[in-house]
Amino acid sequence: MRRLAPAAASAAIIALLLAGCSMGGGSSTPGVAEPDMPAPAQGGDAGADGGSADEARAEPDAVDRSVITTGWIAVTVDDPIDAAEEAAAIVDRAGGRTESRTEQPGTDASPPSAHLVLRVPAAELDGVVDEIRDLGRVDSVSMQASDVTQQRTDLDARIEALSASVDRLEQLLAEAETIADLIAIESELTTRQAELDSLTQQRDQLVDQVDYSTLTLDLATVEAAPAPAPDDFWSGVVAGWTALVGFLSSLAVALGVLLPWFAVLLVIAAVVTLVVVLAARGRRRAPGVPVEPAPHPGSDADRSPTGPEPRA
């Protein structure tokens with residue numbers, strides 16, 4: 001028993017040393033990136049007086065809000081084409097841009113109109129709207145604001161984490177010693193980089209919508225008012241006479257359009273008739289087989305060629 005005691009103690013010490021070595025070298029495996037651990041919260045004087053909790057609750061209110069503003073304005077003007085040009089100049093002076101512009105010149109069937117989609121700096125939106133109001137008579141205005149602060153914060157956090165992950169993978173790629181590790185790290189790096197590019201594009205689009213408000217502007221002109229309906233006998237007579245004159249005028253126009261067709265049809269009918277008459281006369285004058293006159297009763301033609309029939 002006394003000889004076994006030193007051996008047991010030696011085995012216990014060796015086991016402890018091996019356990020310590022394995023715990024200390026657990027993160028030395030090549031090709032494996034360990035996640036960053038969050039830093040522990042430090043107490044300090046703020047933690048002693050409870051001020052850190054109040055600051056944590058007040059922090060969201062102190063962050064600048066990210067708000068997307070969209071609006072729609074309908075204005076009646078004398079000349080929509082000129083008003084569209086002036087509206088585009090107003091936005092350009094404010095540092096914005098015209099994203100799309102559609103102009104419809106006036107025709108007999110429809111009055112002129114214009115449709116613009118404007119991107120206005122958020123800080124200059126109110127001033128631009130006031131100047132657009134002065135272009136004519138404002139028919140309707142609609143403004144909407146959407147808070148995307150949380151969405152932007154989430155995108156920023158994910159982009160930051162992915163950027164750090166990409167940096168670690170690039171470092172591991174430079175330190176890779178085997179082909180298997182090289183292939184695995186390159187594949188993961190490609191995936192992370194693609195996701196990082198997608199999130200960065202989403203964040204950039206969101207920031208553009210926050211920085212530049214979208215304003216849709218519809219410009220139109222006053223249509224010609226229809227003639228009032230008759231309300232007494234004489235006005236009814238005038239309206240009826242006017243309708244009759246209009247109908248006769250339309251009928252005359254229709255006859256004028258159809259008259260050339262009638263003339264062409266008459267010429268075609270005359271030509272066809274002439275051809276038919278000439279063909280009939282030609283058949284009558286053409287020589288044919290002579291027609292024998294019909295024999296009279298009792299003549300020799302009625303007799304049988306073989307002679308008289310025998311009598312019974």
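Above this text is the structure in question.
Residues numbered from 1 in each chain as written. Predicted model: local features only at pLDDT ≥ 70, side-chain atom pairs only at ≥ 80, totals over all residues. Heavy atoms only, no water.

Caption draft 1: Examining the nonpolar core more closely. Judged by nonpolar contacts, the single largest core of 20 residues is most densely connected at Leu118, Ile132, Leu217 and Leu219. Counting only elements with at least two residues in this core, the list comes to strand E1 (67-76), helix H4 (80-93), strand E3 (113-121), helix H5 (125-133) and strand E5 (212-220). If one sorts the elements of this core by residue count, H4 sits on top with five residues. Grouped together as the second largest cluster of nonpolar side chains are 14 residues, Leu169, Leu189, Leu196 and Val210 included. (Core = buried A, V, L, I, M, F, W, Y, C linked by side-chain atoms within 4.5 Å. Buried < 20%, exposed > 50% of the residue type's maximum accessible area, 1.4 Å probe, protein only. Helix = DSSP H or I, 4+ residues; strand = E, 2+ residues; numbered from the N terminus.)

Caption draft 2: Representation of the packing of helix H6 (residues 149-175) against helix H7 (residues 179-211) in the model. Close contact between H6 and H7 brings their axes to 9 Å; oriented N to C, the two are set at 155 degrees. What the angle tells us is that H6 and H7 run roughly antiparallel. Where H6 crosses over H7, the handedness of that crossing is left-handed. Of the residues in the contact of H6 with H7, the class split is 15 nonpolar, six polar and nine charged. (Axes fitted to C-alpha atoms, helices over the stretch in contact; angles between N-to-C directions. Parallel < 35°, antiparallel > 145°, perpendicular 65-115°, else oblique. Left-handed = near helix turned anticlockwise from the far one by under 90°. Nonpolar A, V, L, I, M, F, W, Y, C, P; charged D, E, K, R; others polar.)

Caption draft 3: Representation of the pairing of E3 in the model. The element E3 is largely enclosed, with a buried count of seven among its nine residues. Pairing between strand E2 (residues 97-104) and E3: seven bridges, direction antiparallel. Across the sheet, threonine 98 pairs through a bridge with leucine 118, a residue of E3. Looking at chain direction, E3 and E5 are connected through nine bridges and run antiparallel. In the strand pairing of E5, leucine 118 is matched with leucine 215. (Pairing = 2+ DSSP bridges.)

Caption draft 4: Representation of the sheet that holds E1 in the model. Spatial strand order, E2-E3-E5-E1-E4: five strands in an open sheet with mixed pairing. Bordering the open sheet on either side are E2 and strand E4 (137-147), each of which pairs with just one other strand. Taking the axes of each pair of neighbouring strands and ignoring which way they run, one obtains an average angle of 10 degrees across the sheet. One ladder, built from 10 bridges, connects E1 with E4; its direction is antiparallel. Bridging from a neighbouring strand, threonine 69 pairs with alanine 145 of E4. The strands touched by H4 within the sheet are E2, E3 and E5, with E2 carrying the most contacts at an inclination of about 180 degrees. Across the sheet, H7 touches E1, E2, E3 and E5, and the angle it forms with E5 is around 55 degrees. (Contact = heavy atoms within 4.5 Å.)

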